[in-house]
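# Coordinate analysis (summary)
Here are the chains, one letter per residue:
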Amino acid sequence: MRALIAGDAAVERQRIRSALSLLGFTEILETQNGKEAFDAIIFSTSTPSKSIGLVVADWGGANMSGYELLKSVRADARSRNMAFIMLVDEQKKDDIRAAAAAGVDECIVKPPMPHLFRERLTHILLRRIAMVRKDVDAYFDQVDLAMEAPETEMGQRRKAEEFSRRFLALGDVAPFSVQPELEVGKTFMRFRFYGDAEKLLRKVIASDFGAVEAHQLLSQALKALGKIPQSIKELEIALQAQPESADITQKLGEAYLRDGKYPQAIEYLGKAVWLFARDLRRAMEAKGQNSLGRAKFEHGEAENDQSLQEEGIGNMNKAVELDPDMVSAYYNLMVAYQKTGLKLKAMEMFERAHQIEPKDAEGWVEMGKVYLNRDESQKALFAFKKADQLSEGTFEVYEEAALALYRSKMFRESLYFIEKAKKINPSDKFSYNLCGVIYRTMGDRHAAVMEYQRAAQLDPNDAAIIFNLGVAYFKASQEDKSLEYFRKAKTLDPSLTEVDKYLEMLGEHAGG
C-alpha cells in the first residue's frame, strides 16, 4: 500500500511516516512541496500497481501549497478519488473550512498525533464503503433475485465481482482494516454465493482471528450451506469475544437447538432472553422465548419430564404475548398442545396462526407446517412456494420445507425443495440422505442407492447414512453389499440396534 507525505518539515514527515508504517503502508513517498507531490501523484496513476492510496499534506509550503495541491488533485480525473488528509494549525479555523470545501477527506491539527491517523483513516474508509454499499442496495432494490430465472446467474456473478473489486480497492485507504473484505463477504451472501463467502471469510479469519464480525458472518454462511456443526463453532468463537452480545447468544442457542443439544440450547437461549429483556428489545425477546420454549418442550419430551414440557409451553405463550404475529410460536404451541392431549387449545392456536399473513420466508414455512398439521396440503404448498420466493436461496428454508413435506408423505413435493437445497450446497449430506429415504419409500431402489452413495462419500463415518445405504442394497436384493454396509455401520456405532435384525436375516440367508 502506497502513501505520499508532502511538507517542508523533515521531523514532521518522519513522525507521519512512522505512524503510517504501523498502519500497514508498505511504501511511503516524501516530497518537500506540493509541486513535487502532484507530479509524483500523476506519475503513479499511469501504473495501477504503483498508484498512491493516501496523500497527507501540510496546509502551507512554497512552490504549490498543500491547499493548492488538494485543489489540483481533486480537479484532475486521474487523481480526484485519492484519499487526502490535510495538516492544519488549530487556530486557523478558516483553513479547515476551506479544505472541506475543496474536498479534503479529513483534517488533523498539528502536531499530528499517531493515533489520529488510524481514527481518521477509519472514518474515510467507512464513508467510502457506505458509497459502494449504497450502489449495492440500489441494485437489489431493482432486481428481485428470488424471482429471476437461473440463466441470469452469470450476470449476477459479474455484478457481485464488480462490487467486490470496488470494496477491495478501498483497502488502499486503510490497509490495517479487514472491513472491505467483510463487505465483500456480505455482498456474496446477498447474492446467495455462500460458498464464495465462506472461502473469503476464512481468509479474513486466517489473517485476523480476532475479527468478531468475520466469525459471525462465516457462521451465517455455514448455516445457509447446511454446515451446522461448523456454524456453531464460529458462533462460539464470536461469543468468547463478545460474551454480552444478545444476538450472538441467541444464534448460538438456536444452533444448539437445531443440532438437538437441548441442555446447551436452554442455557444460551435463557441467557439471550434475559439480555433482550434488559435491553428492552421486545421483538427479539419474543423470538428468544419461542426458541427457549421449544427447546424445553422437546427436551422434556425426550426425558419424559412433564414439568419441563409445561415450562416450555409457558415460554411459548410468553412469546405470543410479546409478539402476537409470530406464526412459529403458534405452530410450536399447536404441536405442544396436541402432544399433551389439549386438542381445543391446539385448535385455538391453529385459528390464531391462520389469521396471520407472514412477511418473511421463515414465517411462511411455519404457516406451511400449520396447514400440513391440519391436512390442508394445497394451502401448505402455497405457503412453501411463498417461502421459496422470499427466501433469497436460504438452505434452511428449503430444508425445513422438505422435511415437513416428507413427514406428511408428500414425497414428490419434498424432492422439489431438496433439489433447491442441493443447488445451494452440493456438498451437504442432508439433501442426499433425505433423497435416499424418499426414493426408498417410493420403491425406487436404484435411485435410493445412488443418493445414499453420494451422502456416504461426503461423510463416510456417519453410521446412520451407512445403515441407510445397507438397507437400500438389502431392498435391492444385493445382500453381499448390504452386509458390508451393515457391518460398517455397526462398527461405527455399536449402539445402532436397528442393524441387528438385518444382520440376523442376512445370517439366515447365508446359512441357507
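The structure contained in this document is the topic of the report that follows. Small disclaimer: the values here were computed from a predicted structure and weren't measured. (Residues numbered from 1 in each chain as written. Predicted model: local features only at pLDDT ≥ 70, side-chain atom pairs only at ≥ 80, totals over all residues. Heavy atoms only, no water.)

### Structural notes on the packing of helix α19 (residues 395-407) against helix α21 (residues 429-442)
Interhelical geometry of α19 versus α21 gives an angle of 15 degrees and a closest axis separation of 12 Å. Put simply, α19 runs roughly parallel to α21. Helix-helix and strand crossings are classified by hand; for α19 and α21 the assignment is left-handed. Touching Phe395, Glu399, Ala402, Leu403 and Tyr406 of α19 are Phe430, Ser431, Leu434, Val437 and Ile438, all from α21. Taken together, the residues that form the contact of α19 with α21 break down as 8 nonpolar, 1 polar and 1 charged. (Axes fitted to C-alpha atoms, helices over the stretch in contact; angles between N-to-C directions. Helix = DSSP H or I, 4+ residues; strand = E, 2+ residues; numbered from the N terminus. Parallel < 35°, antiparallel > 145°, perpendicular 65-115°, else oblique. Left-handed = near helix turned anticlockwise from the far one by under 90°. Contact = heavy atoms within 4.5 Å. Nonpolar A, V, L, I, M, F, W, Y, C, P; charged D, E, K, R; others polar.)

### Side note on the pairing of strand β1 (residues 2-6)
With 5 of its 5 residues buried, β1 lies for the most part within the structure. In β1, alternate side chains face the same way, and those of Arg2, Leu4 and Ala6 on one face and Ala3 and Ile5 on the other are all buried. Note: β1 against strand β2 (residues 27-31), 5 bridges, orientation parallel. Note on β2: the bridge partner recorded for Leu4 is Leu29. Considered for its hand, the β-α-β crossover made up of β1, helix α1 (residues 10-22) and β2 is right-handed. In the sheet, β1 pairs with strand β3 (residues 54-58) via 4 bridges, with the strands oriented parallel. (Buried < 20%, exposed > 50% of the residue type's maximum accessible area, 1.4 Å probe, protein only. Pairing = 2+ DSSP bridges. Right-handed = clockwise from strand over helix to strand, strands pointing away.)

### Quick look at the pattern of salt bridges
As enumerated under the stated definition, the model contains 45 salt bridges in all. Residue Glu400 pairs with Arg258 through a salt bridge whose shortest N-O separation is 3.8 Å. You can see Glu400 sitting in helix α19 and its partner Arg258 sitting in helix α11 (residues 246-258), a full 142 residues away along the chain. The partly exposed category is assigned to Glu400, whose relative accessible area is 23%. (Salt bridge = Lys/Arg side-chain N within 4 Å of Asp/Glu carboxyl O.)

### Description of unusual backbone geometry
Following Lys110, the chain continues into Pro111 via a peptide bond in cis, with omega recorded as -5 degrees. On the secondary structure map, Pro111 appears in the loop between β5 (106-109) and α5 (114-142). Positive phi outside glycine occurs at Arg192, with the angle close to 70 degrees. Mapped onto the fold, Arg192 is located in the loop between α7 (179-190) and α8 (194-207). The backbone phi angle of Leu280 is positive, close to 60 degrees, even though this residue is not glycine. Tracing the chain through its elements places Leu280 in the loop between α12 (262-278) and α13 (282-303). The exposed category is assigned to Leu280, whose relative accessible area is 77%.

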